[in-house]
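Structural features, examined
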Amino acid sequence: MSIRQFIFPKEKTKNLRFYDVIIITLILFGEFIIRSNQLFLDSLNAVKSAMFYAFPLSPILLSQNTESITETVAETVDTATEGVAYSSNLQFQFFMLLLVFLYLIVRNFDFKQIPFRFKLSVIPWYFVLLAIMGLSADVLYLLFDNGYNYFTKEVLLSMDFFELFRKLAALSPVAIIYALLNAFYEEFFFLGLLGTVDQKYKWQTLLYSTIIRISFHTYQGMTSAIIIGVVFGLLYYYFYTYRIKNLLPVVLVHSMADMFGSGFVYLFARF
């Protein structure tokens, strides 16, 4: 086989090779991984610095300073979230996705093997996946990330099905477009493309995808990154591979998490 045939295969490429995966990973997530971990390390350094200077203080001043540290870290995370959201990255992600599609066209990749189509079966699976992912998030963030407790009597009694539509109506068009693009951007790679790697490397590929998912969510904090990468990533993988076998409902559920956060109860709670 000549170098030209190796780079531009005549036959359809069914299974991505390791070099394809690495190249596509760098295109799609290289910058995000660097930025996310820089923000994560900056937040750690801010905490260490504040703790160092707080050490000689009295317990009362130390307590006050700890609150200041918490606020500083929260502001850092908020800034990171804004930096990875909406219009600031919309054009960039669109361009990176276009580069990947061009690369796959050059590699004569068979796009038909990635199921992404509307069927009536998408509708019930969408709501099932939305509920499972959302309730898992509500429980996990409450237990491991000092999250808000959505399971109080007051919150549960305030739930209203139509609240979801009111929250959707309050979003800007660019926020919705970005959420849909970002969800496709990630799941097209993690489930669609990585799902075409030879099945004898299935577990290695799954481990790789988990590490990459974690690596560009660290700006949210390591606990949150692990929940997203391990729990959410594996749930998406399981339902897509063994139950739904269609990328569309997974993308739609992921986009809801990008718009409103990963929780379920919040979608219908009136606050």
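Here we summarise the structure given alongside this text.

Basis of the calculations
- Residues numbered from 1 in each chain as written.
- Predicted model: local features only at pLDDT ≥ 70, side-chain atom pairs only at ≥ 80, totals over all residues.
- Heavy atoms only, no water.
- Helix = DSSP H or I, 4+ residues; strand = E, 2+ residues; numbered from the N terminus.
- Buried < 20%, exposed > 50% of the residue type's maximum accessible area, 1.4 Å probe, protein only.
- Contact = heavy atoms within 4.5 Å.
- Areas by Shrake-Rupley, 256 points an atom, 1.4 Å probe, with all protein chains shown as cover.
- Patch = residues over 30% accessible without salt bridge, like charges linked within 9 Å, V, L, I, M, F, W, Y side chains within 5 Å.
- Salt bridge = Lys/Arg side-chain N within 4 Å of Asp/Glu carboxyl O.
- Axes fitted to C-alpha atoms, helices over the stretch in contact; angles between N-to-C directions.
- Parallel < 35°, antiparallel > 145°, perpendicular 65-115°, else oblique.
- Left-handed = near helix turned anticlockwise from the far one by under 90°.
- Nonpolar A, V, L, I, M, F, W, Y, C, P; charged D, E, K, R; others polar.
- Expected span 1.5 Å × (residues − 1).
- Bend = angle between axes of the 7 residues up to and from the residue.
- Phe/Tyr/Trp six-rings, centres within 6.5 Å; stacked < 30°, edge-to-face > 60°.
- Lys NZ or Arg CZ within 6 Å of the ring centre and 35° of its normal.
- Core = buried A, V, L, I, M, F, W, Y, C linked by side-chain atoms within 4.5 Å.
- Arc of directions from axis to C-beta.

Moving on to the overall build of the chain. Scanning the chain from terminus to terminus reveals twelve helices and zero strands. Along the chain direction, N to C, the helices and strands of the chain fall in the order α-α-α-α-α-α-α-α-α-α-α-α. Of all 271 residues assigned to the chain, the portion counted as buried reaches 41%. Summarising the internal contacts of the chain: among those between residues at least 6 apart in sequence, 82% fall at separations of at least 24. Carbon and sulfur atoms provide 68% of the accessible area of the chain, an area that totals close to 15400 Å².

A surface patch of nonpolar side chains, about 670 Å² in accessible area, is lined by Leu135, Val139, Leu142, Leu143, Phe144, Phe151, Leu156 and Met159. Sort the elements by how many residues they give to the nonpolar patch and helix α5 (residues 122-144) lands first, with five residues. Looking at the secondary structure, you find leucine 156 in helix α6 (residues 153-157).

Turning our eyes to something else, we now look at the packing of helix α10 (residues 222-244) against helix α11 (residues 247-260). For the pair α10 and α11, interaxial distance at closest approach is 10 Å and the crossing angle is 155°. Between α10 and α11, the crossing angle belongs to the class labelled roughly antiparallel. Handedness of the crossing formed by α10 with α11: right-handed. Across the interface between the two elements, Tyr236, Tyr240 and Ile244 from α10 touch Leu247, Pro249, Val250, Val253 and His254 from α11. Grouping the constituent residues of the contact of α10 with α11 by class yields seven nonpolar, one polar and no charged.

Turning to helix α8 (residues 173-193), a few remarks are in order. Over its 21 residues, α8 extends 28 Å from the first C-alpha to the last, a length consistent with the 30 Å expected when each residue adds 1.5 Å. At glutamate 187, α8 shows its maximal kink, close to 35°. Burial within α8 is extensive, with 16 of its 21 residues counted as buried.

Under the counting rule described, the total for this entry stands at seven salt bridges. Linking glutamate 163 and lysine 167 is a salt bridge whose minimum nitrogen-to-oxygen distance equals 3.2 Å. On the criterion of helical spacing, the pair formed by glutamate 163 and lysine 167 is a turn pair, its members being four residues apart in helix α7 (residues 163-170). A relative accessible area of 8% means that lysine 167 is categorised as buried. Several salt bridges converge on common partners, so that one network encompasses Asp160, Glu163, Arg166 and Lys167.

Our next topic: the packing of aromatic side chains. In the structure shown here, the tally under the stated rule is 25 aromatic pairs. Cluster of aromatic residues (ring-pair linked, three or more members): Phe29, Phe32, Phe92, Tyr185, Phe189, Phe190 and Phe216. Here the guanidinium or amino end of lysine 167 rests over the ring plane of tyrosine 266, the centre of that ring lying 4.5 Å away. Lying over the aromatic face of phenylalanine 190, arginine 213 brings its terminal NZ or CZ to 4.3 Å of the ring centre.

Further remarks concern the side chain of asparagine 108. Secondary-structure assignment places asparagine 108 in the loop between α4 (87-106) and α5. Given a relative accessible area of 17%, asparagine 108 falls into the buried group. Contact partners of asparagine 108, with chain neighbours within four places excluded, come to Pro9, Lys10, Glu11, Lys12 and Thr13.

Core analysis: the biggest nonpolar cluster contains 57 residues, and Ile24, Leu28, Leu104, Phe189 and Leu193 have the highest contact counts within it. Going through the elements one at a time, α2 (18-54), α4, α5, α8, α9 (202-215), α10, α11 and α12 (265-268) are the ones with two or more residues in this core. In terms of residues, this core owes the most to one element, α8, which gives eleven residues. For leucine 193, the contacting residues outside a window of four places in its chain are Leu16, Ile24, Val100, Leu104, Phe109, Ile114 and Phe188.

The next subject is unusual backbone geometry. The phi dihedral of asparagine 108 is positive, around 55°, even though this residue is not glycine. Of note, lysine 245 is a non-glycine position whose phi angle comes to about 55°, a positive value. With respect to the helices, strands and loops of the structure, lysine 245 is situated in the loop between α10 and α11.

Here we take up α7. Every buried residue of α7 is listed here: Glu163, Leu164 and Lys167. With its buried residues spanning 105° around the axis, α7 presents them on a single face. Against α11 and α12 lie the buried residues of α7.

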